[in-house]
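Residue-level listing of the chains:
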Amino acid sequence: GAQAASAATFSLSPSVGTFTVGDTITVNIMLNTAGAPVDGIDIRYLNYNPALLQLLDENAAVSGVQILPGSLMPNTAANSADTTLGRISFSQVTSGGSIFSNNANQVLATARFKVLSAGAGAVTFNFTLGSTIDANVSSSGSDVLTAVTNGSYTLNQAFNFSLSNTGNVTVM
């Protein structure tokens with residue numbers, strides 16, 4: 001259907017999935033500005049449960065843990081993660097008064113998680129409509145972000161089957 005003007009969205013792709021302990025989940029953070037001309041984005045924060053998911057570092061040359069920035073905007077102003085609290089901070093801006101605009105989901109950044117244990121692995125944006133201190137898409141000083149799509153992942157235990165010398169199946 002038709003979208004209202006300036007209805008920018010963040011979404012996670014995939015937004016659902018089933019994974020096993022030990023798997024790596026590659027999550028793309030998608031931006032669709034719905035035609036709005038934007039000069040920057042902020043994600044404060046993208047949250048995950050560090051007991052279930054370990055965020056993998058995409059830049060070993062920089063201390064701490066970073067996600068992989070996409071190339072939608074030339075300047076990555078913030079890229080850090082608090083792996084104790086399980087939250088990612090990411091910001092990207094245009095340069096020299098230029099604007100970015102699109103009408104379809106494009107990859108803003110990519111986060112990879114290793115599944116540590118079984119459970120419900122939610123990955124969620126801090127987002128309140130109209131708030132400028134959480135997730136934002138900036139257009140001439142206004143926040144045009146109208147909706148986010150969070151991630152919900154089913155994390156299952158891996159089972160190892162082995163045959164004992166008596167022929168009984170043992171589940172480890």
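Residues numbered from 1 in each chain as written. Predicted model: local features only at pLDDT ≥ 70, side-chain atom pairs only at ≥ 80, totals over all residues. Heavy atoms only, no water.

**Some details on the overall build of the chain**
Counting its regular elements, the chain contains 0 helices and 16 strands. The burial tally for the chain puts 36% of its 172 residues in the buried class. In the chain, once contacts between residues fewer than 6 apart in sequence are set aside, the share between residues at least 24 apart is 72%. If you sum the accessible surface of the chain, you get close to 8500 Å²; carbon and sulfur atoms cover 51% of it. (Helix = DSSP H or I, 4+ residues; strand = E, 2+ residues; numbered from the N terminus. Buried < 20%, exposed > 50% of the residue type's maximum accessible area, 1.4 Å probe, protein only. Contact = heavy atoms within 4.5 Å. Areas by Shrake-Rupley, 256 points an atom, 1.4 Å probe, with all protein chains shown as cover.)

**Overview of the pairing of strand β11 (residues 136-139)**
Pairing of strand β4 (residues 40-47) with β11 involves 3 bridges; the strand directions are antiparallel. Of the residues in β11, the one forming a bridge with D42 is N136. Bridge count for β11 against strand β12 (residues 142-143) is 2 bridges, and the pairing is antiparallel. Residue pairing in the sheet places S139 in a bridge with S142 of β12. Counting the residues in the hairpin turn of β11 and β12 gives 2 residues, including S140, whose phi is positive at 50°. (Pairing = 2+ DSSP bridges.)

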